[in-house]
Amino acid sequence: MGASATSGWNRIARALHWGTALAVLVEVPAGFIMSWTYAARDAAGKANHILSSQIHHTLGMLLLMAVVFRIVWRLTHDRPSPPATSTRFEVVLAAAVQGMLYLLLLALPLSGWAALSSMAAGAGYPAPEMWFFGTDGFGPNGFIPHIVPPVAWNAPVLFKYGFFARVHIWGLWLGGGVLALHMAGALKQHFIARSDVLIRMWRGQA
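The shown structure was predicted, so the numbers you read here are calculated from the model rather than taken from an experiment.

*Asks:* Teacher, can you tell me more about the overall build of the protein here?
*Replies:* Along the protein, the regular secondary structure elements total 5 helices and 4 strands. Counting helices and strands in the order they occur from the N terminus, the protein gives β-α-α-β-α-β-β-α-α. The principal-axis extents of the C-alpha atoms in the protein amount to approximately 60 × 35 × 30 Å. Taking contacts inside the protein between residues at least 6 apart in sequence as the whole, the part at least 24 apart equals 77%. About 12,500 Å² of surface is accessible on the protein, with carbon and sulfur atoms providing 72% of the total. Here the protein holds 14 positive side-chain charges and 7 negative ones, and the gap between their average locations is 9 Å.

*Asks:* Explain the packing of aromatic side chains to me, please; I cannot follow it from the model alone.
*Replies:* The geometry of two aromatic rings is summed up by the distance between their centres and the angle between their planes. Under the defined criterion, the tally for this structure stands at 8 aromatic pairs. An angle of 55° between the planes, with centres 6.3 Å apart, marks the rings of F32 and W173 as tilted. Pair noted here: F32 is in helix α1 (residues 11-36) and W173 is in helix α4 (residues 161-191), with a separation of 141 residues, a long-range link. We classify F32 as partly exposed; its relative accessible area is 28%. Seen in terms of ring centroids, F159 and F163 are 5.0 Å apart; in terms of plane orientation they differ by 90°. Their pairing is edge-to-face. A network of ring pairs unites the aromatic residues F32, W36 and W173 as a single cluster.

*Asks:* Whenever I open this one, the packing of α1 against helix α2 (residues 43-76) confuses me. Can you help?
*Replies:* Helix packing geometry: the angle between the two helix axes and the distance between the axes. One can describe the packing of α1 onto α2 by two numbers: an axis separation of 8 Å at closest approach and a directional angle of 150°. Classified by the interaxial angle, the pair formed by α1 and α2 is roughly antiparallel. Note on packing geometry: the crossing formed by α1 with α2 is left-handed. Partitioned by chemical class, the residues of the contact of α1 with α2 number 15 nonpolar, 10 polar and 2 charged.

*Asks:* Before we go on, may I ask you to explain the environment of G185 in this structure?
*Replies:* Considering the arrangement of structural elements, one finds G185 in helix α4. Since its relative accessible area comes to 31%, G185 is described here as partly exposed. The sequence separation of G185 and A115 amounts to 70 residues, and the corresponding C-alpha distance is 33 Å.

*Asks:* Please clarify how a nonpolar patch on the surface should be interpreted in this entry.
*Replies:* Where nonpolar side chains cluster on the molecular surface, the patch consists of V167, I169, W170 and W173 and spans about 470 Å² of accessible area. You can call W173 exposed: its relative accessible area is 57%.

*Asks:* Just checking my understanding: could you explain the nonpolar core for this structure?
*Replies:* Counting residues in hydrophobic clusters, the biggest one holds 12 residues: M61, L64, V67, Y102, L105, W113, L116, M119, M130, F132, F138 and I144. Contributing elements (two or more residues each) for this core: α2 and α3 (88-118). Top contributing element to this core by residue count: α3, with 4 residues.

*Asks:* Got a minute to help me understand unusual backbone geometry in this structure?
*Replies:* Not every positive phi belongs to a glycine, and R194 is a case in point at roughly 60°. Locating R194 in the fold gives a position in the loop between α4 and α5 (197-202). R194 sits in the exposed class, given a relative accessible area of 65%.

*Asks:* How do you make sense of the packing of α2 against α3 when you look at a structure like this?
*Replies:* With their axes 9 Å apart at the nearest point, α2 and α3 run at an angle of 145° to one another. Crossing hand, α2 versus α3: left-handed. For the pair α2 and α3, the contacting residues are H57, G60, M61, L64, V67, V68, R70, I71 and R74 in the first and Q98, Y102, L105, L106, P109, L110, W113 and L116 in the second.

Rules behind the numbers
- Residues numbered from 1 in each chain as written.
- Predicted model: local features only at pLDDT ≥ 70, side-chain atom pairs only at ≥ 80, totals over all residues.
- Heavy atoms only, no water.
- Helix = DSSP H or I, 4+ residues; strand = E, 2+ residues; numbered from the N terminus.
- Contact = heavy atoms within 4.5 Å.
- Areas by Shrake-Rupley, 256 points an atom, 1.4 Å probe, with all protein chains shown as cover.
- Lys, Arg positive; Asp, Glu negative; His and termini not counted.
- Charge placed at Lys NZ, Arg CZ, Asp CG, Glu CD.
- Phe/Tyr/Trp six-rings, centres within 6.5 Å; stacked < 30°, edge-to-face > 60°.
- Buried < 20%, exposed > 50% of the residue type's maximum accessible area, 1.4 Å probe, protein only.
- Axes fitted to C-alpha atoms, helices over the stretch in contact; angles between N-to-C directions.
- Parallel < 35°, antiparallel > 145°, perpendicular 65-115°, else oblique.
- Left-handed = near helix turned anticlockwise from the far one by under 90°.
- Nonpolar A, V, L, I, M, F, W, Y, C, P; charged D, E, K, R; others polar.
- Patch = residues over 30% accessible without salt bridge, like charges linked within 9 Å, V, L, I, M, F, W, Y side chains within 5 Å.
- Salt bridge = Lys/Arg side-chain N within 4 Å of Asp/Glu carboxyl O.
- Core = buried A, V, L, I, M, F, W, Y, C linked by side-chain atoms within 4.5 Å.

Quick look at the structure:
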């Protein structure tokens, strides 16, 4: 649905917005820690790798489900009109940035899921596990399905772990840039244009 005369975002929309922001604040550092500790040989390093993997993978799945729900909610509910101080260019830019954020919030978990799905033993390397808070999600008793076929990391095919991992990483850096634009726009509206954009996302209305 489109913009309306509603004065602010409702509680569910605000909870989804700030919940997503909080999840991303945890998800990204956990992903870096998971990567840095991948080859750890000491007990502490291995423990950190397992814990960060559990957090990163579990939050990734939850974020994917949340963003699907959030998109459905956004399409079926009215939203506040743009601030009166906004120019046409600012309105279009804000919509484009928000659209990119939604797209990346779908693409990042899906590419990570595909990367994990594609992992298979090859060239002397075992297939890495996906930990879902103590459960090997892709194991014999796991409940996480493969969304792409598992292949050896060095198989002569395009769609293997390296491809999906690169998409995941590129998406991360692109997401960082788009998120910076989103935050800059909100701060500009609050401190320079003196509009109620941040206030109505924080408490619903000015």
